Amino acid sequence: MSIQIQVERLFSCSHFLHQPSFMSDLDIQVPTAFDPFADANAENSGAGSKDYVHIRIQQRNGRKSLTTVQGLKKEFSYNKILKDLKKEFCCNGTVVQDPELGQVIQLQGDQRKNVSTFLVQAGIVKKEHIKIHGF
């Protein structure tokens, strides 16, 4: 039997008689690609999120580390908050202007837990609006 005859028999079966005239008549759902970073690419998420205060740690050289606080409301005086943080935790720090993130507070050492409790106790941020990142 030739291939031509086999193909004609295959397509002459009754289940192939009803063929949709348009692509929209098909009930096939095309799977879409899953993007695991879709949440991170959204407008209100990621590093510039306005909903959360992000407290991160950056490893420098050796045992040295840097704690960054980003996402505080602009109505707060960053320099006054920094002054209180430096006095409270006996560390040095600075306020850095970042083009993407705005003003960021940098403190010497791993001060993540200290900063989060300080911000909550001072009434600057609610506990559920703080995200601690790192290690």
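Relevant structure appears above.
Residues numbered from 1 in each chain as written. Predicted model: local features only at pLDDT ≥ 70, side-chain atom pairs only at ≥ 80, totals over all residues. Heavy atoms only, no water.

1. Some remarks on the packing of helix H2 (residues 78–89) against helix H3 (residues 112–121)
At step 1: The interhelical angle for the contact between H2 and H3, taken along N-to-C directions, is 125°, at an axis separation of 11 Å. It follows from the interaxial angle that H2 and H3 lie oblique. Crossing of H2 over H3 shows right-handed handedness. When H2 is examined against H3, the residues Asp84, Leu85, Glu88 and Phe89 are found in contact with a partner set consisting of Asn114, Val115 and Phe118.
At step 2: The residue inventory of the contact of H2 with H3, partitioned by class, reads 4 nonpolar, 1 polar and 2 charged. (Axes fitted to C-alpha atoms, helices over the stretch in contact; angles between N-to-C directions. Helix = DSSP H or I, 4+ residues; strand = E, 2+ residues; numbered from the N terminus. Parallel < 35°, antiparallel > 145°, perpendicular 65-115°, else oblique. Left-handed = near helix turned anticlockwise from the far one by under 90°. Contact = heavy atoms within 4.5 Å. Nonpolar A, V, L, I, M, F, W, Y, C, P; charged D, E, K, R; others polar.)

2. A word on the side chain of Ser116
At step 1: Within the fold, Ser116 resides in helix H3.
At step 2: In this structure Ser116 comes out as buried when scored by relative accessible area, which is 11%.
At step 3: If we skip the residues at most four places from it in the chain, Ser116 touches Ile55, Ile130 and Ile132. (Buried < 20%, exposed > 50% of the residue type's maximum accessible area, 1.4 Å probe, protein only.)

3. Overview of the nonpolar core
At step 1: Counting 18 residues, the largest nonpolar core has Leu72, Leu85, Ile105, Val115 and Leu119 as the members making the most contacts within it.
At step 2: Elements with a contribution of two residues or more to this core: strand E1 (53–59), H2, strand E4 (102–108) and H3.
At step 3: Sequence-distant contacts of Ile105, defined by excluding residues within four places in its chain, comprise Thr67, Thr68, Val69, Leu72, Tyr78, Ile81, Leu82, Leu85, Thr94 and Val95. (Core = buried A, V, L, I, M, F, W, Y, C linked by side-chain atoms within 4.5 Å.)

4. Describing the packing of aromatic side chains
At step 1: As enumerated under the stated definition, the model contains 1 aromatic pair in all.
At step 2: Ring plane angle 75° and centroid distance 6.2 Å describe the contact between Phe89 and Phe118, whose orientation is recorded as edge-to-face. Separated by 29 residues along the polypeptide, Phe89 in helix H2 and Phe118 in helix H3 bring together distant segments of the chain. Taken as a pair, Phe89 and Phe118 share a single burial class, namely buried.
At step 3: It is Lys131 that lies over the ring of Tyr52; its NZ or CZ is 4.5 Å from the centre. (Phe/Tyr/Trp six-rings, centres within 6.5 Å; stacked < 30°, edge-to-face > 60°. Lys NZ or Arg CZ within 6 Å of the ring centre and 35° of its normal.)

5. As for the sheet that holds E4
At step 1: Spatial strand order, E3-E4-E2-E1-E5: 5 strands in an open sheet with mixed pairing. A single partner strand is all that each edge strand has here, and the edge strands are strand E3 (93–98) and strand E5 (130–132). Averaged over all neighbouring strand pairs, the angle between strand axes comes to 25°, with direction disregarded.
At step 2: Two strands pair when backbone bridges link them, and strand E2 (residues 65–70) and E4 are joined in this way by 5 bridges, in the antiparallel orientation. Bridged to Val69 within E4 is Ile105.
At step 3: Contacts between H2 and the sheet are confined to E3 and E4, with E4 contributing the most and set at about 10° to the helix.
At step 4: In this fold H3 packs onto E1, E2, E4 and E5, with an angle of close to 160° to the strand it touches most, E1. (Pairing = 2+ DSSP bridges.)

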